[in-house]
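Each chain, letter by letter, is given below.
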Amino acid sequence: MLEITDVSWTVPAARILDNITFTVPANSLVGLLGPNGSGKTTLLRVVAGLLRPRTGQVALGDATVADLPRRVAARRMALLAQYAETDLDLTALDVVLLGRTPHQRSRWSDTDTDHALALAALDRVDLGGFAHRKWQTLSGGERQRVQLARAFTQEPELLLLDEPTNHLDIGHQLQLLHLVRRSQVTTLAALHDLNLAAMFCDTVVVLHHGQVVAAGPPFTVLTTDLLEDVYGVDADITNHDGRPVITYRPPS
Ligand SMILES: Nc1ncnc2c1ncn2[C@@H]1O[C@H](COP(=O)(O)OP(=O)(O)OP(=O)(O)O)[C@@H](O)[C@H]1O
């Protein structure tokens, strides 16, 4: 379980995260929602231990993330960042194998098990034939799926996903979130597509100006009032098997 308690993060001119408190129960998929600039990426970076909270704390199981040695944190959490780029001359398999680095005693000591895990992860994201393709030749969507394969290969206790469906066509968006949910890895995912969040997330947390303004099951949280207040959009919401389906109206 991930527990975020009273977390704030500031820069000299502004309070970017303001007393954030919520939990991600073990094995669940929680969607982190909110408009551009609401604080989603910053919160994921605080949770990953890349930024130190100014107040409050983040606990993963019984450990406080800020106290975990970097290598231990890297073993327990995988962060799929929004813009994962590299200039290195790597193949897709090399990138996926990077997920094993925190488990290895020395760099470049991949075992047969590491290779088997990496190849299986590439299969899982529908890129079985891409192991030896150069990273630079992959499309945006293929790169995104290779990064997810890297995260799976890491076998983390917590998966942190920042806009994981960026660049993906609708089929692969659905497949990615289905894979994540089926993996049963405790996951916090920043998502912009509210209908996808409603379809796949157990609960959603909505940030606005760095504060949690709503949290709970998608049907409870995603109301027309919230969409208007937080996103400034006019929408109709219908119920499909207990999940909300949002139809947007063009701005008048
Ligand atoms: N180091 C920093 N210095 C100043 N402002 C920052 C810094 N880091 C983040 N911010 C600001 O904090 C706010 C939250 O940024 P963040 O990237 O967390 O938002 P987000 O919800 O992920 O947005 P998006 O949906 O556009 O990716 C933004 O207004 C951003 O400009």
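Only a predicted model underlies this, so the values are computations on that prediction, with no experimental measurement involved.

Enquirer: How should I be thinking about the pairing of strand β2 (residues 14-24) in this particular structure?
Expert: Strand residues, when the strand is regular, have side chains that alternate between the two faces of the sheet. Note: strand β1 (residues 2-11) against β2, seven bridges, orientation antiparallel. By the bridge assignment for β2, Leu2 is matched with Val24. Here β1 hands over to β2 after two residues, the two strands then running antiparallel side by side.

Enquirer: Is there a simple way to think about the packing of aromatic side chains in this case?
Expert: Between two aromatic rings, the relevant description is the distance of the centres plus the angle of the planes. Considering all chains together, one arrives at zero aromatic pairs under this definition. Of note, Arg124 hangs over the ring of Phe152, and the distance from its end group to the ring centre comes to 4.0 Å.

Enquirer: I'm lost on the site of the ligand in this one. Help?
Expert: As a structural note, the neighbourhood of the ligand is formed by 13 residues, with Gly37, Gly39, Lys40, Thr41 and Thr42 the closest of them. In this structure, Asn36 approaches the ligand through a side-chain N or O atom, which is 3.0 Å from an oxygen atom. A total of 640 Å² of accessible area belongs to the ligand in isolation, and the protein chains cover 58% of it. Going through the elements one at a time, β1 and α1 (40-47) are the ones with two or more residues in the shell around the ligand. At three residues, the largest contribution of residues to the shell around the ligand is made by α1. For the shell around the ligand, the residue count by class is four nonpolar, eight polar and one charged.

Enquirer: I tried to follow the side chain of Lys40 on my own but got confused; where do I start?
Expert: Along the chain, the position of Lys40 falls in helix α1. Although buried, Lys40 forms no salt bridge, and the nearest oppositely charged side chain, Glu163, lies 4.7 Å from it. A distance of 3.1 Å separates the side chain of Lys40 from the backbone oxygen of Pro35, its partner in a polar contact.

Enquirer: Teacher, can you tell me more about the sheet that holds β1 here?
Expert: Whether parallel or antiparallel, the strands of a sheet pair through hydrogen bonds between backbone atoms. Strand order across the open sheet formed by four strands is β2-β1-β4-β5, with antiparallel pairing between neighbours. Each having just a single partner strand, β2 and β5 (63-64) make up the two edges of the open sheet. Where strand β4 (residues 55-60) meets β5, two bridges bridge the pair, whose relative direction is antiparallel. Residue pairing across strands places Leu60 opposite Ala63, the latter belonging to β5.

Enquirer: Sorry, what's going on with the sheet that holds strand β10 (residues 211-216) here?
Expert: Strand order in this open sheet of six strands is β6-β7-β8-β3-β9-β10, and the pairing throughout is mixed. If you trace the sheet from one side to the other, it starts and ends with β6 (77-80) and β10, each paired once. Neighbouring strand axes in the sheet, compared pairwise and without regard to direction, differ in orientation by 15° on average. Looking at chain direction, strand β9 (residues 203-208) and β10 are connected through five bridges and run antiparallel. Note on β10: the bridge partner recorded for Val205 is Ala215. Against the sheet, helix α5 (residues 140-153) engages β6 and β7 (158-162), with an angle of about 175° to β6. Each of β3 (29-33), β9 and β10 is contacted by helix α9 (residues 224-231), which is oriented at about 35° to β9, the strand it contacts most.

Enquirer: Help me understand a nonpolar patch on the surface in this model?
Expert: Together, Ile170, Leu174 and Met199 line one region of the surface with nonpolar side chains, adding up to about 260 Å² of accessible area. Within the secondary structure, Met199 is located in helix α7 (residues 194-200). Since its relative accessible area comes to 44%, Met199 is described here as partly exposed.

Enquirer: Got a minute to help me understand α5 in this structure?
Expert: Given 3.6 residues per turn, any residue in an α-helix points the same way as the ones three and four places further on. Taking 1.5 Å as the rise per residue, α5 with 14 residues should run 20 Å; its terminal C-alpha atoms sit 20 Å apart, in good agreement. Buried residues dominate α5, accounting for 13 of its 14 residues. Looking one or two places after α5, you find Glu155, whose phi comes out positive at around 50°.

Enquirer: Help me out: how do you make sense of the pairing of β1 in this one?
Expert: In terms of strand pairing, β1 meets β4 through five bridges, oriented antiparallel. Bridge pairing links Ile4 to Val58 in β4.

Enquirer: I keep staring at the pattern of salt bridges and nothing clicks. Help me out?
Expert: Once their charged atoms are close, side chains differing in charge can pair, the charge on each being opposite to the other. Under the counting rule described, the total for this entry stands at six salt bridges. The partner of Asp18 in a salt bridge is Arg15, with the nearest N and O atoms 2.9 Å apart. One salt bridge connects Arg100 with Glu155, and the closest N-O pair in it is separated by 3.5 Å. Remark: Glu155 occurs in the loop between α5 and β7 and Arg100 occurs in the loop between α3 (92-97) and α4 (112-124); sequence separation between them is 55 residues. The structure contains a network of salt bridges with shared partners spanning Arg100, Asp114 and Glu155.

Reading the values: the criteria
- Residues numbered from 1 in each chain as written.
- Predicted model: local features only at pLDDT ≥ 70, side-chain atom pairs only at ≥ 80, totals over all residues.
- Heavy atoms only, no water.
- Pairing = 2+ DSSP bridges.
- Helix = DSSP H or I, 4+ residues; strand = E, 2+ residues; numbered from the N terminus.
- Phe/Tyr/Trp six-rings, centres within 6.5 Å; stacked < 30°, edge-to-face > 60°.
- Lys NZ or Arg CZ within 6 Å of the ring centre and 35° of its normal.
- Near = heavy atom within 4 Å.
- Polar contact = N/O pair within 3.5 Å; in protein donor to acceptor, adjacent residues only side chain to side chain.
- Areas by Shrake-Rupley, 256 points an atom, 1.4 Å probe, with all protein chains shown as cover.
- Nonpolar A, V, L, I, M, F, W, Y, C, P; charged D, E, K, R; others polar.
- Buried < 20%, exposed > 50% of the residue type's maximum accessible area, 1.4 Å probe, protein only.
- Lys, Arg positive; Asp, Glu negative; His and termini not counted.
- Salt bridge = Lys/Arg side-chain N within 4 Å of Asp/Glu carboxyl O.
- Axes fitted to C-alpha atoms, helices over the stretch in contact; angles between N-to-C directions.
- Contact = heavy atoms within 4.5 Å.
- Patch = residues over 30% accessible without salt bridge, like charges linked within 9 Å, V, L, I, M, F, W, Y side chains within 5 Å.
- Expected span 1.5 Å × (residues − 1).

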